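Listed below, chain by chain, are the residues.
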Amino acid sequence: MPGYIIHLAAAKELQPLLEQRRILKSSEDINSFLVSCLIPDAVSDKSKTHYRQTDDPAIQIRYPQPWRFCERYPHLIHTPAGMGYLFHLYVDYLFYHEYFPRHVLLTDAGHNPQVRKEKIELAILQDYGKIIPGRTFFTEKPLYDDYTIINTTLEKRYHLTYDFSPVKNPGIEEADYCRIDDIRRDILYYSKLGRKAGSQETHVLKTEPLLEFIQTTAPRFINDYPVYCNDLSAFSASTRV
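Residues numbered from 1 in each chain as written. Predicted model: local features only at pLDDT ≥ 70, side-chain atom pairs only at ≥ 80, totals over all residues. Heavy atoms only, no water.

## Structural notes on the state of the cysteines
- Following the criterion strictly, the structure yields zero disulfides and no others.
- With no disulfide of its own, Cys 37 lies closest to Cys 70 among cysteine sulfurs, the gap being 14 Å.
- Take Cys 70: its relative accessible area is 3%, and that puts it in the buried class. (Disulfide = S-S within 2.5 Å. Buried < 20%, exposed > 50% of the residue type's maximum accessible area, 1.4 Å probe, protein only.)

Encoded structure:
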C-alpha cells in the first residue's frame, strides 16, 4: 500500500479544498486531519484499521472498504479526524483497485491474472515492459524501493514537514492515536533513505504517473464524499468489491 509520505502528499492536495469549504478552520483542525490521514497504517495488523474486504491471508491484495468506516462511524465523517481517516482508506482503495492494476499485473505462468498468493508466479511491470518472478516482487519489495526514491520528489513538491502535534482519539476503536511519535520516526527514516537514494531510477512505477494519481485523489474524494455521507448504497454496483 502507499507509504506515509504518499498519503501525506495526497492529504496536502485535499487540505486547501477542505479549507475552502470551512471543514478545516484552524491549525488544530489541519493537524487532526493530517495525523488521521496517517493513523490507519500505524499498526502491525492493518486488516482491522482498513476494513478490508477479506481476512483471507492467501489473497495477495485485500482492498480496504471506506464505506465500512462510514457505516461504523457516521458521526465522525464530517469531522477533520474522521475525514482524514476516511481519505486514507479512499486513497488506498483507488491505488489498489485502479492505479496498481494498470501498472503491475500479477499473473500465473500463462499470464492469467491471479489474486491468490500460491498462484502468482509473475509480476508484469507495465511501465518498464519487464517481467519478474512473483517471489522477487514480494520478497525484495521493489515497489517500496520506488516509494523511497519518490519520497524526496514529494517532499519538495508539497513542502512536507512532520511537526505533528498529538491528537486525541476521536473514538475510532481500531486506531491507535498514541503512535504519532512512531509515525514521525518512521517518516523521518524513510525521508533519510530517500535523500540517500538521490536521483535513482524507479523499478516498478514511473514517477510522473504516480504524481498524476496523487493529484487526482483530492478532487475525486470531494466528488464522492457526499455519496459516502448520504447514500452508501450507490457504491454497491460501481465501487464496492
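Let's pick the thread back up.
## Observations concerning the packing of helix 1 (residues 4-20) against helix 2 (residues 27-36)
- Running from amino to carboxyl end, helix 1 crosses helix 2 at an angle of 145 degrees, the nearest separation of the two axes being 10 Å. By crossing handedness, the relation of helix 1 to helix 2 is classed as right-handed. Residues Leu 8, Ala 11, Lys 12, Leu 14, Gln 15, Leu 18 and Glu 19 of helix 1 form the contact with helix 2, whose participating residues are Ile 30, Phe 33 and Leu 34. (Axes fitted to C-alpha atoms, helices over the stretch in contact; angles between N-to-C directions. Helix = DSSP H or I, 4+ residues; strand = E, 2+ residues; numbered from the N terminus. Left-handed = near helix turned anticlockwise from the far one by under 90°. Contact = heavy atoms within 4.5 Å.)

## Details of the sheet that holds strand 3 (residues 130-133)
- What the three strands build is an open sheet, ordered 1-2-3; its pairing is antiparallel. Two strands close off the open sheet at either side, each with one partner strand: strand 1 (104-107) and strand 3. Going from strand to strand, the sheet's axes swing by 20 degrees on average, the running direction of each strand aside.
- Here strand 2 (residues 122-125) runs beside strand 3; their pairing, made up of four bridges, is antiparallel. Residue Ile 124 lies in a different strand from strand 3, and its bridge partner there is Ile 131. (Pairing = 2+ DSSP bridges.)

## What about unusual backbone geometry?
- The phi angle at Arg 22 is positive, at roughly 60 degrees, despite the residue not being glycine.
- Residue position: Arg 22 is located in the loop between helix 1 and helix 2.
- Even without being glycine, Tyr 51 reaches a positive phi, approximately 50 degrees.

## Concerning helix 5 (residues 80-103)
- The end-to-end C-alpha distance of helix 5 is 32 Å, a good match for the 34 Å that 24 residues give at a rise of 1.5 Å each.
- If you look at helix 5, its biggest bend is around 40 degrees, right at Phe 95.
- Burial of helix 5 is extensive: 20 of the 24 residues sit out of reach of the surface. (Expected span 1.5 Å × (residues − 1). Bend = angle between axes of the 7 residues up to and from the residue.)

## A closer look at the confidence of the model for the chain
- This prediction gives the chain a mean pLDDT of 89; 93% of its residues lie at or above 70.
- Least confident of the elements in the chain is helix 10 (residues 235-238), whose mean pLDDT is 38; most confident is helix 2, at 98.
- For residues 231-241, every residue scores under 50 in pLDDT, and the model assigns this stretch 24 contacts once sequence neighbours within four places are set aside. (pLDDT = per-residue confidence, 0-100.)

## Brief notes about the packing of aromatic side chains
- For the coordinates displayed, the defined rule picks out 17 aromatic pairs.
- Seen in terms of ring centroids, Phe 95 and Tyr 99 are 5.4 Å apart; in terms of plane orientation they differ by 35 degrees. Their pairing is tilted. Here Phe 95 pairs with Tyr 99, and both are found in helix 5, just four residues apart, close to one helical turn.
- On the accessibility criterion, Phe 95 (0% relative accessible area) is buried.
- By relative accessible area, which is 2% here, Tyr 99 ends up buried.
- Ring centres of Phe 221 and Tyr 225 lie 5.7 Å apart, and the angle between their planes is 40 degrees; this geometry places the pair in the tilted category. Of this pair, Phe 221 and Tyr 225 both sit in helix 9 (residues 207-230), separated by four residues, roughly a single helical turn. Just as Phe 221 is buried, Tyr 225 falls in that class too.
- In textbook terms, an aromatic cluster arises when at least three aromatic residues are bridged by ring pairs, as seen for Phe 95, Tyr 96, Tyr 99, Phe 100, Phe 137, Phe 138 and Phe 213.
- Against the face of Tyr 128 rests Lys 206, its NZ or CZ located 5.3 Å from the ring centre. (Phe/Tyr/Trp six-rings, centres within 6.5 Å; stacked < 30°, edge-to-face > 60°. Lys NZ or Arg CZ within 6 Å of the ring centre and 35° of its normal.)

## Focus on the pattern of salt bridges
- One pass over the full model with this rule turns up eight salt bridges.
- Across the pair Arg 72 and Glu 173 runs a salt bridge, and its minimum N-O distance is 2.9 Å. Of this pair, Arg 72 sits in helix 4 (residues 66-72) while Glu 173 sits in the loop between helix 7 (142-158) and helix 8 (180-197), and the two are 101 residues apart along the sequence.
- Residue classification places Arg 72 among the partly exposed positions, given a relative accessible area of 40%. (Salt bridge = Lys/Arg side-chain N within 4 Å of Asp/Glu carboxyl O.)

## What about the pairing of strand 2?
- Neither face of strand 2 is open: one carries Leu 122 and Ile 124, the other Ala 123 and Leu 125, and all of them are buried.
- Pairing of strand 1 with strand 2, which is carried by four bridges, proceeds in the antiparallel orientation. Paired with Thr 107 across the bridge in strand 2 is Leu 122.
- Counting the residues between successive antiparallel strands, the hairpin from strand 2 to strand 3 contains four residues, one of them, Gly 129, with a positive phi of roughly 65 degrees.

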